[in-house]
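# A structural walkthrough
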Amino acid sequence: MMLDDTDRLLINRLQDDLPLSSHPFAEVGKELGLSEADVISRIEAMKDSGAITRFGPFFDVAAMGGAFCLCAIAVPAGQFEHVMTEVNEFPEVAHNYERDHTLNMWFVLATETPEGIAETAERIEEKTGLQVLCFPKLQEFFIGFRVKA
């Protein structure tokens, strides 16, 4: 899908914030000269085409008492699918992906408390028999992204 100027304006506008109202897409649409239905269908089309991968809020998990942590495992050849299935059974695993590296499985843990990271990593180690390496966030960066219209 090729983004048109309106898609680009919409992407930029949606990154700022959404109005706190019962019809936020109608309000955004009004700002951009679109209907509520147009805003929603454009977001869906951009997701369906892969132009955007997700649309949703980012929460400050630490401010809410929880934690995120990037984790990795060196999974032996031939065991990746099995270990991936075991790891993905944990509800704390936000997403899991394979990399061409000694540490070939990378996933994010999302827990309700900071202590939950170590507890979940330990449970994954017990289930898989493999060491989980945890890479906690040291500093947070907010990077603005804008597309040219």
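One numbering rule holds for all chains: residues counted from 1, following each sequence as written. The model is predicted, so local features are restricted to residues of pLDDT at least 70 and side-chain atom pairs to those at 80 or more, both for listing and for counting; the totals for chains, interfaces and linings are taken over all residues. Each side-chain value is derived from all of the structure's non-hydrogen atoms; neither hydrogens nor water enter the calculation.

What follows covers the side chain of Glu 86. By definition, any uninterrupted DSSP run of H or I lasting at least four residues is a helix, any uninterrupted run of E lasting at least two residues is a strand, and each is numbered from the N terminus. Relative to the helices and strands, Glu 86 is located in helix α4 (residues 80-88). A 1.4 Å probe rolled over the protein chains alone gives each residue an accessible area, and that area as a share of the maximum for its type sets the label: buried under 20%, exposed over 50%, partly exposed in between. Neither His nor the chain ends contribute to the count of charged residues, in which Lys and Arg are positive and Asp and Glu negative. By definition, a salt bridge exists where a carboxyl oxygen of Asp or Glu is found within 4 Å of a side-chain nitrogen of Lys or Arg. For the buried Glu 86, no salt bridge exists, and the shortest N-O distance to an oppositely charged side chain is 5.5 Å, to Lys 127. Contact between two residues is taken to exist if any of their heavy atoms lie within 4.5 Å; hydrogens are not considered. If we ignore the near neighbours within four places in the chain, the residues touching Glu 86 are Lys 127 and Thr 128.

As a further point, take the pairing of strand β1 (residues 67-73). Most of β1 is tucked away, with 5 of its 7 residues classed as buried. A pair of strands counts as paired when DSSP detects no fewer than two bridges linking them. Of the pairings in the sheet, the one linking β1 to strand β4 (residues 133-135) comprises 3 bridges and is antiparallel in character. By the bridge assignment, Leu 70 is partnered in β4 with Phe 135.

As a further point, take the environment of Asp 48. With respect to the helices and strands, the residue Asp 48 is situated in helix α3 (residues 36-49). Its relative accessible area of 71% is what places Asp 48 among the exposed residues. Separated by 47 residues in the primary sequence, Asp 48 and Met 1 have C-alpha atoms spaced 9.2 Å apart.

A helix's residues, less one, multiplied by 1.5 Å, set its expected span. Along its 14 residues, α3 runs 20 Å from first to last C-alpha, staying within 8% of the 20 Å computed at 1.5 Å per residue. Val 39, Ile 43 and Met 46 are the residues of α3 that are buried. An end-on view of α3 places all buried positions within 65° of arc, on one side of the element. Counted as exposed and oriented over 90 degrees from the buried face of α3: Ala 37 and Asp 48. For α3, the secondary structure elements touched by its buried residues are α1 (5-14) and α2 (24-32). This arc is built from the directions going out from the helix axis to the C-beta atoms.

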